[in-house]
Amino acid sequence: MGKLAIIILSFASLIVTLAYGQEANKVPEATEIWNAEPIKVTPGANNSAPSDAVILDASMWQSVDGGANPWQIENGVMTVNPGTKDIHTIKSFGNVQLHIEWRIPMLDDKFKDQDRGNSGVFLQQFYEVQILDSYTNKTYNNGQAGSLYKQYIPLVNATKPAMQWQSYDIIYTAPLFGKNDSVISPARMTILHNGVLIQNNVALLGPTEYIGSPHYKKHGDLPIFLQDHNHKVSYRNIWVREL
Ligand code: MG
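To start, this report covers the structure provided alongside it. Numbering of residues starts from 1 in every chain and runs along the sequence as written. In keeping with the model being predicted, local features are shown solely for residues with a pLDDT of at least 70 and side-chain atom pairs are shown and tallied solely at 80 or more, while totals for entire chains, interfaces and linings include all residues. Hydrogens and waters are ignored; side-chain quantities use all the structure's heavy atoms.

### Describing the overall build of the chain
Part 1: Numbering of helices and strands runs from the N terminus; a helix is a DSSP stretch of H or I covering at least four residues, while a strand is a stretch of E covering at least two. Across its full length, the chain holds 1 helix and 15 strands.
Part 2: Exposure categories follow from relative accessible area, calculated using a 1.4 Å probe and restricted to protein chains: below 20% of the type maximum is buried, above 50% is exposed, and the middle band is partly exposed. For the chain, buried positions account for 42% of its 243 residues.
Part 3: Of the contacts formed within the chain by residues at least 6 apart in sequence, a portion of 66% connects residues at least 24 apart.
Part 4: Per-residue and other accessible areas were derived by the Shrake-Rupley procedure at a 1.4 Å probe size, with only the shown protein chains allowed to occlude residues. Accessible area of the chain: about 13800 Å², with a carbon and sulfur share of 56%. Throughout, a residue-residue contact means that at least one pair of heavy atoms, one from each residue, lies within 4.5 Å.

Put into structure tokens, the structure is as follows:
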């Protein structure tokens, strides 16, 4: 080791010693942070929107063809109008906290597996949180309610029966991309289903795929989509906080 290196190292260790010495003498106030005060938010009562949320009522959604919201709208409830295709928010989003309530209709026993109360919430258009009647209905586990479709099975099944309102609270972190579709960090999701943790900060493998394995493609902010899968699934009390 050269003399210069020794001098530099000695100087560095002196700084560390001084800093540590100071640390030992610190008073409680020394570790208190008084700047960067969090913005005050008024929480909503009974899962209603906090004061800083964007409320996604029926007027905030449009048809995938660009027209007005084609789903059935009544008393603050939006219901899939089968055959009118998905709807999506007019606004685009990146990282969000999303609250959404949904209800599976009463269905005949002949509807089974994926053909029973199927819909879905797609964050940034591509990443589906499955909605399905999973109270007693069997399907592949990575396709049941609360799954990140064909990627992550929910930790538990917190589903309520058809006709009861259920909720998802979703914390979504958008993927970050570099050049040529390279992924700097994948999309992540944490989900509470009816207040129960079912997905814990999982890293998505790419966009939701029905067939084959997912592959990321670079994108920026995008709308939230709700899926028309031919069943009259209803939605209400949808709000989002941009993070
Ligand atoms: Mg679906």
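### Looking at the coordination of the magnesium ion
Part 1: Only Asn-118 (OD1), Ser-119 (O), Glu-128 (OE), Gln-130 (OE1) and Gln-227 (OE1) from the protein reach the magnesium ion as donors, at distances of 2.2 to 2.3 Å.
Part 2: Coordination shells were defined by N, O and S atoms within 2.8 Å of each metal, extended to 3.2 Å for Na, K and Ca; water is absent from the atom set, which can make sites look incomplete. Donor residues for the magnesium ion, ordered by position in the chain, follow N-S-x8-E-x1-Q-x96-Q. Pair noted here: Asn-118 is in the loop between β6 (96–103) and β7 (119–123) and Gln-227 is in the loop between β14 (225–226) and β15 (234–242), with a separation of 109 residues, a long-range link. Like Gln-227, Asn-118 is buried.

### Topic: the pairing of strand β13 (residues 196–203)
Part 1: One requirement defines pairing of two strands: DSSP has to find at least two bridges between them. Two strands pair when backbone bridges link them, and strand β12 (residues 188–193) and β13 are joined in this way by 5 bridges, in the antiparallel orientation. Considered in β13, the bridge of Ile-191 is made with Gln-199.
Part 2: Between the antiparallel neighbours β12 and β13 lie 2 residues, among them Asn-194 with a positive phi of about 50°.

### Looking at the sheet that holds strand β8 (residues 127–131)
Part 1: Strand order across the open sheet formed by 5 strands is β2-β5-β14-β7-β8, with antiparallel pairing between neighbours. Of all strands in the sheet, those bounded by a partner on one side alone are β2 (61–63) and β8.

### Looking at the packing of aromatic side chains
Part 1: Only Phe, Tyr and Trp rings are paired, with Trp represented by its six-membered ring, and only when their centres lie within 6.5 Å; those with planes under 30 degrees apart are stacked, over 60 edge-to-face, the remainder tilted. Under the definition given, this model contains 7 aromatic pairs.
Part 2: Between the aromatic rings of Tyr-127 and Tyr-172, the centroid separation amounts to 6.2 Å while the plane-to-plane angle is 35°, which identifies the pairing as tilted. Placement of Tyr-127 in strand β8 and of Tyr-172 in strand β9 (residues 166–173) is noted, with a sequence separation of 45 residues between them.
Part 3: Overall, Tyr-127 belongs to the buried group, its relative accessible area being 0%.

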